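Listed below are the residues making up each chain.
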Amino acid sequence: MIQKRVIHTLKGNCAIYGLQSYADVAHRIESELADSGGALDRPQCDELVGLWKEAMARVARACSVAIGSCAIAQTRAFEP
């Protein structure tokens, strides 16, 4: 039961924050759990973890670009 709640919450949070592809996978897995009445299996878990790692890598790249842009702007502020 706890896994179903976690997947449901994950789905909603991902949808709210624009991670729609992740929300779609969470929705599919949520439906599979409802249909089977079972628990999260290893392939489902691996899929969620893999997608989450990809999403976090994209966030890290975006933050790195943003931080780099700020550093360039700060450096230029001190140029004559």
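Residues numbered from 1 in each chain as written. Predicted model: local features only at pLDDT ≥ 70, side-chain atom pairs only at ≥ 80, totals over all residues. Heavy atoms only, no water.

Peer 1: Pulling in residues and values, what's your account of helix α1 (residues 2–16)?
Peer 2: Along its 15 residues, α1 runs 21 Å from first to last C-alpha, staying within 8% of the 21 Å computed at 1.5 Å per residue. Taken residue by residue, α1 has I7, K11 and C14 as its buried positions. Buried residues in α1, looked at end-on, bunch into an arc of 75°, giving them a common side. The exposed set on the far side of α1, more than 90 degrees from its buried face, consists of I2, R5 and I16. G18, located one to two residues past α1, shows a positive phi value of around 85°. (Helix = DSSP H or I, 4+ residues; strand = E, 2+ residues; numbered from the N terminus. Expected span 1.5 Å × (residues − 1). Buried < 20%, exposed > 50% of the residue type's maximum accessible area, 1.4 Å probe, protein only. Arc of directions from axis to C-beta.)

Peer 1: Break down the pattern of salt bridges for me, citing the residues and quoting the values.
Peer 2: Applying the stated criterion across every chain, the model contains four salt bridges. Between E30 and K11 there is a salt bridge whose closest N-O contact spans 2.6 Å. One end of the pair, E30, is in helix α2 (residues 20–36); the other, K11, is in helix α1, and 19 residues separate them in sequence. Residue K11 is classed as buried on the basis of its relative accessible area, which comes to 17%. We note a salt bridge from D46 to R42, for which the minimum N-O separation is 3.2 Å. (Salt bridge = Lys/Arg side-chain N within 4 Å of Asp/Glu carboxyl O.)

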